[in-house]
Amino acid sequence: MSGNEAIARGAYEAGVTVAAGYPGTPSTEILENIVQYTSIKAQWSPNEKVALEVGAGASIGGARALVTMKHVGVNVAADPLFTVAYTGVNGGLLLISADDPGMHSSQNEQDNRYYGKFAKVPVVEPSDSQEAKDFVGIALQISEDFDTPVIFRTTTRVNHSQSLVGLKEPQTPVLKPYVKNPQKYVMVPAYARLRHVVVEDRLVKLARYAETSPLNRIEWGGKKIGVITGGICYQYVKEALPEASVLKLGMSFPLPEGLIREFARGVDNLFVVEELEPFLEEQVRALGLKVHGKDIFTRIGEYTPNLIAQKILLTIGAQEKAEYLASPANSGEPVPVRPPVMCPGCPHRGVFYTLKQLKAVVAGDIGCYTLGSLAPLEAMDTTICMGASIGTALGMEKANPEFKGRTVSVIGDSTFMHSGITGLVDLVYNQGQGTVLILDNSITAMTGHQHNPATGKTLSEQPSYQVDLVKLVQACGISRVQVVDPFELKQVKAVLQEEMAAPEPSVVILRRPCALIVKATGESVETNQENCTGCFQCIKLGCPAISKGEKTVMINSALCTGCGLCLQVCKFSALVKVGGKGE
Amino acid sequence: MSKVTNILLVGVGGQGTILASKILAQVALDSGYEVKMSEVHGMAQRGGSVVTQLRLGEQVNSPLVQQGEADIILAFEQLEALRWLPFLKKDGIMIVNTQVIEPMPVIIGAARYPEGIIEKLQAQRERVIAVDALTEAKNAGNAKASNVVLIGVLAKKTGIDHELWQKALEAKVPQKLIEVNRQAFAAGYALG
């Protein structure tokens, strides 16, 4: 099982009955796998803040609840997190933070263990799929015993690695009775002051629990090297230094002071191995212990067992062993990179091609359309975080009047529902002039095709109310709104020019389903070799089905979906639908 | 430390590397090994470079294969074979599909697709087997089954019981496509 499948199973075995989240790699498959357990009400919420609020409500209502998101998603959910840390829970509440060291699919590699320390809640970290499953039940018990939400922190290598898992019979879900208690759940200052005292007291109790928790253990080996570690790094350390002594921390906060001191006494050289920040190391140092960590290890990217072995062996003076582990030199030849691309037939492609032609300044957002920033389209100026596009464009316009009339924001349907609406309200309310392009491909695509409130279906594929984007933007005060087919390049260009020139804010909805969720009905395209002059204008579309032959263009019919964009771009009628005339 | 076999499957998003690795993992499990597998999903459909890492042995800790430690690399595309070559042991086996899929920087003329890749691979490693899996798959009935052709070649090389491979195929491949895949597997097995 992958770590994500295991977490889903763990939720089922532990009697969770409510689960909410927002798609985000590497967390997405948790909810997608929870769906199979009919005892759990699982849902995609529009964003992570709402998801955590739903989870908190479920917990207060007496159920065990689980909320999932990637690391940056916790930034969105941070507001409820910090206050639920004060209110505490009724049924157990887990917040799964799937971090991404190495940024395989993220805009940063923030270390979310700090949220535990900051919000004063415990952090639990599994190191493989078996623990990913087992720790869910343990963490929920901690949540209920200590009256606290618990952060369940994973990294990509745990979420997306597969290892053997032994299963258990699921326990019957228990619904705790709800008792009205405003002093606990209504955080006006008078009550919040009382709860802070409870929170501080709770941390002391949790630190005491950590000393004897099954989550933490010392594995005594040789005396020379002692490593404090957790998460996937535990597996790397066991691989790299099988003879070393290891203090395995399954709970990264709060830390067991007694256990750490006992471990430090038993080894000659103490190390902390953790990816990203010196979260554990700082706390060990604060105990007055001599320890190696970020003095020898980087804060950037992922580790490997060889790297860990090399750094540690070098530090203790085992020179030759360390050199043996140094990475072999590369074959020398530079190999072209292979960046991800928009699929053949992607409805976003023509939009960015047009924006580049218009020399627009583009505030972008997060989704498949972020690929519009890469060569050859290169039609994006900024991308910061979910929903940032609209506010960013407004800010640029306010900073420099030259941006008026040239600046657009580009946002997808799911991202718009997530956190674009408030940006749009700001644009109208504070009298900006910008044009907002909503790329509506009827799905949350980049994370693997999930539903959202604008698609009309739920996580479990049940039909549901579908948000009417036109009515929604009109209700926000937009009077200029048009719906355009992104495959009609002439129309796209004309509408964009018109709306960008208009002295009031406008929305253009470019609507066509994602190429991967519809069957390609268009005939493939082929090159009319006589007409092709080799101008290669069509190559500028950046379609993987189009490549340069010796002098003319070649179309890969296995990839081509017949979307017809290249036909519209060619001035020489050199691209035609197979078996027919060019359009 | 117990002996661990390290296998990398490398290719381009959309080529079916993940299905191939699932078949391989199933066979390893049925053979009684502990198996750990690592994959990076992000590029699974967006035409980026994808790699699945498989480790099998009596006891496996890290799910990652390190540079210079792969016993076998199954490469679904030539450029990816070249990219991941440094991970192959000096005496490791590389099975490479001769298919070429140009990455976007090459398509737009910003980079050149290296020439003579198969020769370059064979110059650096003794055991490189080039397979035209695409043609074999087309002959078997479906171009998309080239991943299973490569699995067939690998199956022959590992010497693991043919039966176990058949069983894994049945378990992992959609029922309506099973015949095509059986033929693709057989074609690869014959070449191995």
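Residues numbered from 1 in each chain as written. Chains lettered and ligands numbered in written order. Predicted model: local features only at pLDDT ≥ 70, side-chain atom pairs only at ≥ 80, totals over all residues. Heavy atoms only, no water.

## Quick notes on the overall build of chain A
Selection rule: To qualify as a helix, a DSSP run of H or I must reach at least 4 residues; to qualify as a strand, a run of E must reach at least 2; elements of each kind are numbered from the N terminus. For this measure, only C-alpha atoms enter the radius of gyration; the expected value for a globule follows 2.2 Å times N^0.38, where N is the number of residues. Exposure classes here rest on a 1.4 Å probe applied to the protein chains alone. A residue is buried below 20% of its type maximum, exposed above 50%, and partly exposed in between. We call two residues in contact when some of their heavy atoms are within 4.5 Å. Only four residue types enter the charge count, namely Lys and Arg as positive and Asp and Glu as negative; His and the chain termini do not. Note on charges: their place is set at NZ of Lys, CZ of Arg, CG of Asp or CD of Glu.
The helix and strand inventory of chain A stands at 21 helices and 21 strands. Computed over C-alpha atoms, the radius of gyration of chain A comes to 27 Å, within 12% of the 25 Å expected from 2.2 N^0.38 for 583 residues, which places it in the range of a compact globule. Reported as C-alpha extents along the three principal axes, the dimensions of chain A are approximately 80 × 65 × 50 Å. With 583 residues in all, chain A has 57% of them scored as buried. Taking the contacts inside chain A whose residues are at least 6 apart along the sequence as the reference set, 73% of them involve residues at least 24 apart. Of the side chains in chain A, 54 bear a positive and 58 a negative charge, and the two mean positions are spaced by 2 Å.

## Some points on unusual backbone geometry
Residues and elements named next belong to chain A. A cis amide bond links T25 with the next residue in sequence, P26, at an omega value of 10 degrees. Cis geometry marks the peptide bond from F253 to P254, where omega comes out at -10 degrees. For P254, the position within the fold is in the loop between strand 11 (251-253) and helix 11 (257-265). Its identity is not glycine, yet K359 carries a phi of approximately 55 degrees, on the positive side. Exposure remark for K359: the relative accessible area of 64% places this residue in the exposed category. Phi angles above zero are rare outside glycine, and E378 is one such case at about 40 degrees.

## Quick word on the interface of chain A and chain B
Keep this limit in mind: Note on definitions: buried area is the accessible-area loss of two parts on being combined, 1.4 Å probe, summed for both. For this document, the term salt bridge refers to a Lys or Arg side-chain nitrogen within 4 Å of an Asp or Glu carboxyl oxygen. Residues adjacent in sequence count toward polar contacts only when both atoms are side-chain atoms; beyond that, a polar contact is any pair of N or O atoms within 3.5 Å, and within protein one must be able to donate a hydrogen and the other to accept it.
Contacts between the two partners involve 47 residues from chain A, matched on the other side by 47 residues from chain B. In total, chain A and chain B occlude about 4100 Å² of area from one another, counting both sides; carbon and sulfur atoms represent 57% of this. At the junction of chain A and chain B, the tally comes to three salt bridges. Between B:E77 and A:R338 there is a salt bridge, with the nearest N and O atoms lying 3.0 Å from each other. For the pair chain A and chain B, the number of links is 15 residue pairs in polar contact (both at pLDDT 80 or more). Of all the elements in the fold, those that place two or more residues in the side of chain A that touches chain B are strand 7 (161-162), helix 10 (232-240), helix 13 (305-315) and strand 19 (546-548) of chain A.

## Here we look at the sheet that holds strand 13 (residues 361-363) of chain A
All names here are of chain A. Threshold: Between any two strands, at least two bridges found by DSSP are needed for them to pair. Axis lines are fitted through C-alpha atoms, for helices just across the contact stretch, and the angle between N-to-C directions can take any value from 0 to 180 degrees.
Read across the sheet, five strands follow the order 13-14-15-17-16 without closing on themselves; strand pairing throughout is parallel. The open sheet has two free edges, formed respectively by strand 13 and strand 16 (480-484), since each of these has just one partner strand. Ignoring strand direction, the axes of neighbouring strands in this sheet form an average angle of 25 degrees. Strand direction decides the pairing type here: strand 16 and strand 17 (residues 506-511), joined by five bridges, are parallel. For V484, the partnering residue across the bridge sits in strand 17 and is L510. Helix 15 (residues 349-357) contacts strand 13, strand 14 (407-412), strand 15 (435-440) and strand 17 of the sheet and is inclined by roughly 155 degrees relative to strand 15. Of the strands in this sheet, strand 14, strand 15, strand 16 and strand 17 are in contact with helix 20 (residues 489-501), which crosses strand 16 at around 170 degrees.

## Some thoughts on the sheet that holds strand 10 (residues 244-249) of chain A
Residues and elements named next belong to chain A. Taken in spatial order, the four strands line up as 8-10-9-12 in an open sheet, and their pairing is mixed. In the strand order of this sheet, the two ends are held by strand 8 (216-219) and strand 12 (269-273), each with one partner. Going from strand to strand, the sheet's axes swing by 15 degrees on average, the running direction of each strand aside. Relative to strand 10, strand 9 (residues 222-229) runs parallel, the two sharing five bridges. Note on strand 10: the bridge partner recorded for G222 is A244.

## A short note on helix 20 of chain A
Selection rule: Expected helix span is taken as 1.5 Å per residue step, with the number of steps being one fewer than the number of residues.
Compared with an ideal rise of 1.5 Å per residue, which puts 13 residues at 18 Å, helix 20 of chain A spans 18 Å between its outermost C-alpha atoms and is within 8% of the ideal. On the buried face of helix 20 of chain A, the contacting elements are helix 15, strand 14, strand 15, strand 16, strand 17 and helix 21 (565-569) of chain A.

## What to know about the packing of helix 6 (residues 146-158) of chain B against helix 8 (residues 178-191) of chain B
Residues and elements named next belong to chain B. The cut-off we apply is this: By definition in this entry, angles of less than 35 degrees are roughly parallel, angles greater than 145 are roughly antiparallel, angles of 65 to 115 are roughly perpendicular, and the rest are oblique. Handedness of a crossing follows from how the near helix is turned relative to the far one, being left-handed for an anticlockwise turn of less than a right angle and right-handed for a clockwise one. Side-chain classes are defined by residue name, with Ala, Val, Leu, Ile, Met, Phe, Trp, Tyr, Cys and Pro counting as nonpolar, Asp, Glu, Lys and Arg as charged, and the others, Gly among them, as polar.
One can describe the packing of helix 6 onto helix 8 by two numbers: an axis separation of 6 Å at closest approach and a directional angle of 45 degrees. For the element pair helix 6 / helix 8, the angle class is oblique. By crossing handedness, the relation of helix 6 to helix 8 is classed as right-handed. Along the contact surface, helix 6 presents V148, V149, I151, G152, V153, A155 and K156, while helix 8 presents N181, A184, F185, G188, Y189, A190 and L191. Considered class by class, the residues forming the contact of helix 6 with helix 8 number 10 nonpolar, three polar and one charged.

## Things to note about the nonpolar core
Generally speaking, soluble globular proteins have nonpolar side chains that are buried together. All names here are of chain A. Put simply, the test is: To qualify as a nonpolar core, a set must consist of buried Ala, Val, Leu, Ile, Met, Phe, Trp, Tyr and Cys residues joined through side-chain atoms within 4.5 Å.
Counting residues in each nonpolar core, the largest one holds 65 residues, and the members touching the most others are F352, L355 and L424. Counting residues per element, this core draws most heavily on helix 20, at five residues. Other than its neighbours up to four places away in sequence, L355 contacts A360, V362, A379, V408, V410, L437 and L496. A63, V74, V123 and V267 belong to the second-largest nonpolar core, a separate cluster that totals 43 residues.

## Some words on the state of the cysteines
Residues and elements named next belong to chain A. So the rule is basically this: Cysteine sulfur atoms that come within 2.5 Å of each other are treated as a disulfide pair.
Within the structure shown, the criterion is met by zero disulfides over all chains. Considering cysteine sulfurs only, C368 is the nearest to C346, which forms no disulfide, with 6.5 Å between them. A relative accessible area of 9% places C346 in the buried class. Looking at C563, it has no disulfide partner, and the nearest cysteine sulfur is the one in C566, 6.3 Å off. Classification of C563 as partly exposed rests on a relative accessible area of 24%.

## Re the packing of aromatic side chains
Operational definition: By convention, a stacked pair of Phe, Tyr or Trp rings (six-membered ring in the case of Trp) has centres within 6.5 Å and planes under 30 degrees apart, an edge-to-face pair has planes over 60 apart, and any other such pair is tilted. Charge-over-ring contacts are defined here by two conditions on Lys NZ or Arg CZ: a distance within 6 Å of the ring centre and an angle within 35 degrees of the ring normal.
Applying the stated criterion to the full structure yields 11 aromatic pairs over all chains. With 5.4 Å between their ring centres and 55 degrees between their planes, A:F146 and A:Y209 make a pair best called tilted. Of this pair, A:F146 sits in helix 6 (residues 129-146) while A:Y209 sits in helix 9 (residues 189-212); the two residues are 63 residues apart in sequence, bridging distant segments of the chain. Taken individually, A:F146 and A:Y209 each receive the classification buried, so the pair is uniform in this respect. Connected via pairs of aromatic rings, a cluster forms that spans A:F82, A:Y115 and A:F118. Of note, A:K248 hangs over the ring of A:Y234, and the distance from its end group to the ring centre comes to 5.1 Å. Directly above the aromatic system of B:Y189 lies the positively charged group of B:K156, at a separation of 5.3 Å from the ring centroid.

## A word on a nonpolar patch on the surface
All names here are of chain A. Quick reminder of the rule: By definition, no residue in a patch forms a salt bridge, and every one has over 30% relative accessible area; like charges are joined within 9 Å, nonpolar side chains (Val, Leu, Ile, Met, Phe, Trp, Tyr) within 5 Å. Accessibility throughout is a Shrake-Rupley quantity obtained with a 1.4 Å probe, and a residue counts as covered only by protein chains that appear here.
Residues L516, I517 and V518 make up a contiguous nonpolar surface patch of about 220 Å² in total accessible area. Positionally, L516 belongs in the loop between strand 17 and strand 18 (525-527). By relative accessible area, L516 is classed as partly exposed at 36%.

## Concerning the pairing of strand 1 (residues 16-21) of chain A
Residue and element names in this part refer to chain A. So the rule is basically this: Handedness of a crossover is defined as follows: with both strands directed away from the viewer, a clockwise route from the first strand across the helix to the second makes it right-handed.
The element strand 1 is largely enclosed, with a buried count of six among its six residues. As defined by bridge partners, strand 1 adjoins strand 3 (residues 64-70) across five bridges and the pair is classed as parallel. For V16, the partnering residue across the bridge sits in strand 3 and is R64. Sheet analysis places strand 1 next to strand 2 (residues 41-44), joined by four bridges and oriented parallel. Residue pairing in the sheet places A20 in a bridge with Q43 of strand 2. Following the backbone out of strand 1, through helix 2 (residues 28-34) and into the adjacent parallel strand 2, one traces a crossover that is right-handed.

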